[in-house]
Amino acid sequence: MSQKREFEDGKPRVEGGSSDDKRRRFKSVVQEVMRLQTVKHFLEPVLEPLIRKVVKEEVELALGKHLAGFKWICEQEIHPLESRNLQLKFLNNLSLPVFTSARVEGDEGQAIRVGLIDPSTGEIVSSGPASSAKLEFFVVEGYFDKDSDWTAEDIRNNIVRERAGKKPLLSGNVFALLNDGIGVMDEMSFTDNSSWTRSRKFRLGVRMVDQFDFVKIREAVTESFVVRDHRGELYRKHHPPSLFDEVWRLEKIGKDGAFHKRLHWSDINTVKDFLTHFHLNSSKLRQILGTGMSSKMWEITLEHARSCVLDSSVHVYQAPGFQKKTAVVFNVVAQVLGLLVDFQYIPAEKLSEIEKAQAEEMVTVALSHLHEVRSYDDEISMMRNFLNVPASQTGVGIDYSGLSLTSLDGYGLVSSLRNTAECSGQYSDDADMEVIPQGLYEDDDNLWSCSQILGLEEPQSDLQSAVDEFISQNNAASVGKAHSRRWTKLFSVTKWLSVFKNVTVRKNLK
């Protein structure tokens, strides 16, 4: 039949198709094979590492999301149905006062921090699904008793909503995420004050947004606080105040109030002025404020003013009308720090009542002659520059080690040697004849060689070695005329050095 059908068509059929069709199919097969070889040799070395890297990252990310939960589940396998009680807690206090439109902050300007706490241990829960949960902040009535055994329902019933026609009470990001059990509050502020509520106060609360099986998490609530209108921030008291703050920044002194006006009339405009008048004449300052300020209010105002941070600078004034060789040392608010008597510094706590009164009088004069006041960075700088005292002597007492004989001052050593010599019977009035050599005040270069007078080998030998050598010679020598001359010689040298020191200081003061 097939042969008949072929003849009927008039043309013999060629099995397998024409040669052109075979040639085209063969060419397409060869091209396909060549493309596959090209991909294998050129693209595969590039694509394979990229594909492997992407797959690896995706697998690690997927595993990481489940490891924390898997660990917590493993910990709960012993008691899989046991409920766990946790609680949120504010880790720092709010910075008060709080003003509308101002960022809600913690102590010292830090962000508010919330921790997830395990009540049984008091420690922060840093693992498990709850340690990375989402938190929400909200406002609670000020009269809410946070120390009672309240429930979540009690919290919901005491949430404060905004007034009609007002914006939500909290503005900004009211949500936060826990990270290892600790969450940090983002930028958030109050849009309304608390004066319209029954308690006139608010509390800040925080709760968990996410829910977890067999885990109960209690909300946290802060202490009650007042939220003032932002316009009141202009009248805010500073803690601590600055020296150059206006005086109404102090507690119990209101801006443009009676006390403020009284102080302004007496030219007391800043905290520095207030403290200066207090140290100069506290009774007069008390009189300026009047009887309207009670003793309790006075103590509060004074305590606030004293909390002001002062710099360490000191000032020295030597009044011409007072006793010679006497100068007063005071700080930036005219508080007496001490007296300089005969070029010796006496701290204020060692002064008698008469000396304190004299020092305060000198400070009053100094404020009227500021061009005659010398200022120093601190007490040590004052003693080193004004008194020319070496740094080793600026502490308590005198350190004789390393002190050369030519830098000896008169801190009572001359009188001590005189008494010792008199008790020993070796002192005579003739010693005064040898004290001041000729030319002391004419030429500073014509000085005695103290080391040669005492018989020391080293010209710059320190005082301690000089005294030790003198004592050893004194003990070895027999009592007699030589012994007497040795005491006279030592007394003469030390007294001369004391006079020389005083002359040097006088020259520096001129």
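Residues numbered from 1 in each chain as written. Predicted model: local features only at pLDDT ≥ 70, side-chain atom pairs only at ≥ 80, totals over all residues. Heavy atoms only, no water.

The name that an unreviewed UniProt entry assigns to the protein is Calmodulin-binding protein 60 A isoform X1, with the source organism given as Camelina sativa. One UniProt comment on the protein, placed under Subcellular location (unreviewed entry), says "Nucleus". The UniProt entry for the protein carries this comment under Sequence similarities (unreviewed entry): "Belongs to the plant ACBP60 protein family." (UniProt positions renumbered as here; feature names shortened; annotations may be inferred.)

Enquirer: So what exactly am I meant to see when it comes to the pairing of strand 15 (residues 326-330) here?
Expert: Along a regular strand, successive side chains alternate from one face of the sheet to the other. Among the 5 residues of strand 15, 5 are classified as buried, and the element is accordingly described as predominantly covered. Judged by which residues are buried, strand 15 turns out to be covered on both faces: Thr326, Val328 and Phe330 on one side and Ala327 and Val329 on the other are all buried. Pairing of strand 14 (residues 314-317) with strand 15, which is carried by 3 bridges, proceeds in the antiparallel orientation. Opposite valine 316, over in strand 15, you have valine 329 as the bridge partner. Strand direction decides the pairing type here: strand 15 and strand 16 (residues 336-341), joined by 5 bridges, are antiparallel. Each residue of the ladder has a partner; that of alanine 327, found in strand 16, is leucine 340. Counting the residues that bridge the hairpin from strand 15 to strand 16 gives 5 residues, and of these alanine 334 lies at a positive phi of roughly 65°. (Buried < 20%, exposed > 50% of the residue type's maximum accessible area, 1.4 Å probe, protein only. Helix = DSSP H or I, 4+ residues; strand = E, 2+ residues; numbered from the N terminus. Pairing = 2+ DSSP bridges.)

Enquirer: What exactly am I supposed to notice about the sheet that holds strand 7 (residues 175-177) here?
Expert: Strand pairing within a sheet occurs via backbone hydrogen bonds; the two strands may be parallel or antiparallel. Taking strand neighbours across the sheet as the criterion, the 4 strands line up as 7-5-10-12 in an open arrangement whose pairing is antiparallel. Looking at the sheet topology across the chains shown, the edges are occupied by strand 7 and strand 12 (220-221). By the bridge criterion, 2 bridges tie strand 10 (residues 202-208) to strand 12 in an arrangement that is antiparallel. Opposite valine 206, over in strand 12, you have alanine 220 as the bridge partner.

Enquirer: Even after reading the chapter, I still don't get the nonpolar core, so can you show me in this structure?
Expert: The tendency in soluble globular proteins is for nonpolar side chains to be buried as a group. By size, the foremost hydrophobic cluster in this structure holds 33 residues, and its most contacted members are Leu88, Leu116, Phe137, Phe190 and Leu204. Looking at this core, the elements that each hand over two or more residues are strand 1 (84-90), strand 3 (113-118), strand 5 (134-141), strand 9 (188-190), strand 10 and strand 11 (215-218). By residue number, the principal contributor to this core is strand 10, which donates 4 residues. Once residues within four sequence positions are removed from consideration, leucine 88 is found in contact with Val114, Gly115, Leu116, Leu135, Val206, Arg207, Met208, Ile217, Arg218, Glu219 and Ala220. (Core = buried A, V, L, I, M, F, W, Y, C linked by side-chain atoms within 4.5 Å. Contact = heavy atoms within 4.5 Å.)

Enquirer: Help me understand the pairing of strand 14 in this model?
Expert: Residues of strand 14 alternate between two faces, with Val314 and Val316 on one and His315 and Tyr317 on the opposite face, all of them buried. Of the strand pairs in this sheet, strand 14 and strand 18 (residues 374-376) are connected by 3 bridges, and their pairing is antiparallel. Looking at strand 18, one finds that histidine 315 is bridged to serine 375.

Enquirer: How should I be thinking about the packing of aromatic side chains in this particular structure?
Expert: Aromatic ring pairs are defined here through the distance separating the ring centres and the angle between the ring planes. The final tally for this structure, using the stated rule, is 6 aromatic pairs. Each ring, one from tryptophan 196 and one from phenylalanine 202, has its centre 6.4 Å from the other, and the planes form 70°; the classification is edge-to-face. Assessed through its relative accessible area of 29%, tryptophan 196 is described here as partly exposed. Relative accessible area serves as the criterion here: at 0%, phenylalanine 202 is assigned to the buried category. Seen from the ring of phenylalanine 138, arginine 207 lies directly overhead, with NZ or CZ sitting 4.8 Å from the centre. In this structure, arginine 218 is placed above the aromatic ring of tryptophan 150, and the distance from its NZ or CZ to the ring centre is 3.9 Å. (Phe/Tyr/Trp six-rings, centres within 6.5 Å; stacked < 30°, edge-to-face > 60°. Lys NZ or Arg CZ within 6 Å of the ring centre and 35° of its normal.)

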